[in-house]
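What the coordinates show
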There are 2 protein chains.
Amino acid sequence: MNDTSNPLLIDGPAVILVEPQLGENIGTAARAMANFGLSDLRLVKPRDGWPSESAVRAASRADHVIERVRLFDSVEAAIADLGYVIATTARVRGLAKPVRGPASAGEKMRAHALGGIRSGMLFGRERIGLMNEEISLADEIVTLPVDPDFASLNIAQAVLILAYEWRRSGVVQEEEGLRFTTRTDSRPANKEEMLGLFEHLEGALDAVTFFRPPEKKPAVVATLRAMLQRAGFTEQDVRTLRGVVAALQNRPTRPHKRADGTLTTSREKKE
Amino acid sequence: MNDTSNPLLIDGPAVILVEPQLGENIGTAARAMANFGLSDLRLVKPRDGWPSESAVRAASRADHVIERVRLFDSVEAAIADLGYVIATTARVRGLAKPVRGPASAGEKMRAHALGGIRSGMLFGRERIGLMNEEISLADEIVTLPVDPDFASLNIAQAVLILAYEWRRSGVVQEEEGLRFTTRTDSRPANKEEMLGLFEHLEGALDAVTFFRPPEKKPAVVATLRAMLQRAGFTEQDVRTLRGVVAALQNRPTRPHKRADGTLTTSREKKE
């Protein structure tokens with residue numbers, strides 16, 4: 001099943017809910033898993049039994065997760081096939097175990113997955129969480145950086161954040177960093193085009209004696225150019241802006257192509 | 001209010017819900033905010049009005065967020081005091097805007113906050129999200145790395161992940177001692193200032209019937225605004241640009257004194 005050439009298609013961690021009380025929470029957890037590409041949901045002794053109508057309702061369209069749910073009698077049985085297990089807790093209660101945040105847990109589970117090792121994430125009961133004996137079965141503890149004054153994350157929210165971090169660990173290089181939407185119709189303006197814009201604008205401003213006193217002109221021009229350069233305009237943007245300047249000059253003609261393909265400026269036309 | 005010595009106590013970003021339909025979603029969003037230490041919730045035209053009993057119920061104990069909720073008639077008004085705004089969308093629809101993931105957005109908002117600049121996060125309507133005109137008001141787009149086959153994150157889940165990333169950016173800083181430098185000379189233009197520039201420019205262009213045919217005006221305006229928004233202008237840049245527009249309109253703002261004490265306008269000087 002694992003296609004390690006595409007980190008998004010790799011088998012994700014199992015989510016193990018220990019004695020969940022409300023079907024609704026099971027359903028919203030299933031939906032959160034589906035949002036971030038997880039599908040292996042395991043329940044240890046759900047209070048109201050299984051299947052659960054309220055779970056199906058709350059899962060909205062995450063049927064593929066709900067249909068694959070497996071039931072277990074104990075945490076030990078639920079995690080038997082897994083190689084690395086984290087226990088999510090709000091507080092670390094004096095257990096001698098490594099503690100991580102969700103992001104580094106996502107990375108660690110990803111690294112294991114790439115090595116063919118399956119991971120699992122334990123989530124506790126609605127009110128009382130996981131027992132110490134259950135936590136002790138895990139390799140590591142993961143805490144969420146909640147506000148201590150308002151720490152009551154529900155199960156589905158905790159699942160959502162861990163599932164998000166799992167997914168993010170796979171896409172981090174592709175999607176996380178800043179990038180620009182590519183517009184097939186426009187490339188970044190080259191320096192020649194930017195210079196054409198600068199000269200057009202400065203000519204228009206000269207005509208209305210914007211640069212006063214004249215000896216300040218070089219500094220003002222430098223400021224304007226720096227500002228416009230920083231903007232990262234595309235070739236299309238530059239054409240639009242030249243249209244704006246021409247219009248404000250009350251000469252709403254667009255630059256025209258010469259026979260050789262270069263653009264004439266309205267300045268040239270004026271002369 | 002800002003105590004920059006502790007990044008977790010700094011004023012967090014505003015969360016702006018645009019035309020939310022269900023009070024329950026407002027409440028669960030408020031709760032997600034509280035979990036990660038956010039408290040500034042703004043609603044633009046909530047369908048069922050405000051206050052909302054179902055919102056209060058769903059917020060469970062996040063009363064401090066619900067009590068501070070502010071209502072606005074437009075997105076423009078809701079973001080007027082903010083210096084950096086992200087729009088959360090599932091898909092990027094051909095808008096030429098920078099796109100980030102949630103983690104780097106959290107870091108960017110944190111860096112701004114440390115420089116005294118408030119951020120905001122726009123979230124759209126339950127089914128149809130944000131309109132392009134609304135997205136064009138934002139500085140950048142944030143997409144969540146959801147599974148494309150199951151991309152339907154609800155509002156509160158999207159808020160939860162962005163709030164989590166905001167908080168995480170502070171925790172990371174606390175642990176790693178990261179610091180951001182701020183520019184004391186000029187701050188980024190806020191939305192009110194950008195809107196002032198847009199309206200000034202569009203008014204000037206209207207006066208020279210730049211928008212032809214008139215029915216194309218909204219699309220052209222959206223393009224212009226997106227382009228200028230992307231440029232990351234400072235407050236000083238905006239003032240310079242408004243001077244440029246005013247000059248090109250031939251309405252010099254600052255008459256100068258001749259040697260004999262009478263005033264010239266640049267129009268006279270030109271002649």
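Residues numbered from 1 in each chain as written. Chains lettered and ligands numbered in written order. Predicted model: local features only at pLDDT ≥ 70, side-chain atom pairs only at ≥ 80, totals over all residues. Heavy atoms only, no water.

Secondary structure summary: chain A contains 11 helices and 8 strands in total. Per-residue burial for chain A yields a buried fraction of 49% across its 271 residues. Within chain A, counting contacts between residues at least 6 apart in sequence, those at least 24 apart form 79% of the total. For chain A, the accessible surface area stands at approximately 13,100 Å², while carbon and sulfur atoms represent 52% of it. (Helix = DSSP H or I, 4+ residues; strand = E, 2+ residues; numbered from the N terminus. Buried < 20%, exposed > 50% of the residue type's maximum accessible area, 1.4 Å probe, protein only. Contact = heavy atoms within 4.5 Å. Areas by Shrake-Rupley, 256 points an atom, 1.4 Å probe, with all protein chains shown as cover.)

Residue and element names in this part refer to chain A. Taken together, 7 strands build an open sheet; the order of strands is 3-2-1-6-4-7-5 and the sheet is parallel. Where the open sheet ends on each side, the last strands, each with one partner, are strand 3 (70-72) and strand 5 (99-100). Where helix 1 (residues 23-35) meets the sheet, it contacts strand 1 (14-18) and strand 2 (41-44), and its direction lies at approximately 155° from that of strand 2. Relative to the sheet, helix 5 (residues 102-114) contacts strand 4 (84-89), strand 5, strand 6 (119-123) and strand 7 (140-143), its axis offset from that of strand 4 by approximately 165°. (Pairing = 2+ DSSP bridges. Axes fitted to C-alpha atoms, helices over the stretch in contact; angles between N-to-C directions.)

So, on to helix 9 (residues 217-230) of chain A. A rise of 1.5 Å per residue sets the reference length of helix 9 of chain A, with its 14 residues, at 20 Å; its end C-alpha atoms lie 20 Å apart and thus fit the reference within 8%. Among the residues making up helix 9 of chain A, those that are buried are Val221(A), Leu224(A), Met227(A) and Leu228(A). Looking straight down helix 9 of chain A, one finds that the buried residues subtend no more than 130° of arc, so they occupy a single side. Opposite its buried face, helix 9 of chain A presents the exposed residues Pro218(A) and Ala219(A), each directed more than 90 degrees away. Packed against the buried residues of helix 9 of chain A are helix 8 (191-207) of chain A together with helix 10 (235-248) of chain B. The first or second residue beyond helix 9 of chain A is Gly232(A), which carries a positive phi of 60°. (Expected span 1.5 Å × (residues − 1). Arc of directions from axis to C-beta.)

The domain boundaries assigned to chain A delineate domain 1 (7-176) and domain 2 (191-257). Averaged C-alpha coordinates put domain 1 of chain A and domain 2 of chain A at centres separated by 56 Å. (Domains from an automatic or database assignment.)

Once that is clear, we can look at the pattern of salt bridges. All names here are of chain A. This structure, assessed with the given rule, holds 32 salt bridges over all chains. A salt bridge links arginine 168 to glutamate 165; its shortest N-O distance comes to 3.0 Å. Here arginine 168 pairs with glutamate 165, and both are found in helix 7 (residues 155-176), just 3 residues apart, close to one helical turn. For glutamate 165, a relative accessible area of 1% translates into the label buried. Its salt-bridge partner being lysine 217, residue aspartate 206 comes within 2.7 Å of it at the nearest N-O pair. In this pair, aspartate 206 is assigned in helix 8 and lysine 217 in helix 9, connecting sequence segments 11 residues apart. Taken together, the shared-partner salt bridges connect Asp40, Arg42, Arg70, Asp81 and Arg118 into one network. (Salt bridge = Lys/Arg side-chain N within 4 Å of Asp/Glu carboxyl O.)

Right, let's talk about the confidence of the model for chain A for a bit. All names here are of chain A. For chain A, mean pLDDT is 83; residues scoring 70 or higher make up 81% of the total. Scored below 50 in pLDDT, residues 173-184 makes 32 contacts in the model with residues more than four places away or belonging to other chains. Considering only residues more than four positions removed or in separate chains, one finds that residues 265-271, a stretch of pLDDT under 50, has 14 contacts. (pLDDT = per-residue confidence, 0-100.)

This brings us to the packing of helix 8 (residues 191-207) of chain B against helix 9 (residues 217-230) of chain B. All names here are of chain B. Following both chains from N to C, one finds helix 8 and helix 9 inclined at 135°, their axes separated by 11 Å at the closest point. Our classification of the angle between helix 8 and helix 9 gives oblique. Classified by chirality, the crossing of helix 9 by helix 8 is right-handed. Counted together, Lys191, Met194, Leu195, Phe198, Glu199, Leu201, Glu202, Leu205 and Asp206 of helix 8 and Lys217, Val221, Leu224, Arg225, Leu228 and Gln229 of helix 9 form the full contact between these two elements. Here the contact of helix 8 with helix 9 is built from residues that sort into 8 nonpolar, 1 polar and 6 charged. (Parallel < 35°, antiparallel > 145°, perpendicular 65-115°, else oblique. Left-handed = near helix turned anticlockwise from the far one by under 90°. Nonpolar A, V, L, I, M, F, W, Y, C, P; charged D, E, K, R; others polar.)

Attention now goes to unusual backbone geometry. Residue and element names in this part refer to chain A. Residue proline 51 is bonded to the preceding tryptophan 50 through a cis peptide linkage, with omega at 5°. Inspection of the secondary structure assignment puts proline 51 in the loop between strand 2 and helix 2 (53-58). Omega for the bond connecting arginine 212 with proline 213 falls within 30 degrees of zero, at -10°, which places this linkage in the cis form. Here proline 213 shows up in the loop between helix 8 and helix 9.

Right, let's talk about the interface of chain B and chain A for a bit. Contacts between the two partners involve 68 residues from chain B, matched on the other side by 61 residues from chain A. In total, about 5,700 Å² of surface goes out of reach between chain B and chain A, with carbon and sulfur atoms giving 61% of it. Per-residue buried area on chain B facing chain A is highest for Pro145(B), Phe150(B) and Leu248(B); these three make up 14% of the total on that side. The interface formed by chain B and chain A holds 2 salt bridges in total. Here chain B is connected to chain A by 10 residue pairs in polar contact (both at pLDDT 80 or more). Secondary structure elements with two or more residues in the side of chain B that touches chain A: helix 1 (23-35), strand 5 (98-100), helix 5 (102-114), helix 7 (155-176), helix 8, helix 9, helix 10 and helix 11 (266-270) of chain B. (Buried area = accessible area lost by both parts, 1.4 Å probe. Polar contact = N/O pair within 3.5 Å; in protein donor to acceptor, adjacent residues only side chain to side chain.)

Looking now at the packing of aromatic side chains. Residues and elements named next belong to chain A. In total, this model carries 5 aromatic pairs over all chains according to the counting rule given. Consider the rings of phenylalanine 36 and tyrosine 164, whose centres lie 5.7 Å apart with planes at 70°: the pair is edge-to-face. Separated by 128 residues along the polypeptide, phenylalanine 36 in the loop between helix 1 and strand 2 and tyrosine 164 in helix 7 bring together distant segments of the chain. Across the pair, tyrosine 164 and phenylalanine 36 agree in class, each one buried. Of note, arginine 110 hangs over the ring of tryptophan 166, and the distance from its end group to the ring centre comes to 3.7 Å. (Phe/Tyr/Trp six-rings, centres within 6.5 Å; stacked < 30°, edge-to-face > 60°. Lys NZ or Arg CZ within 6 Å of the ring centre and 35° of its normal.)

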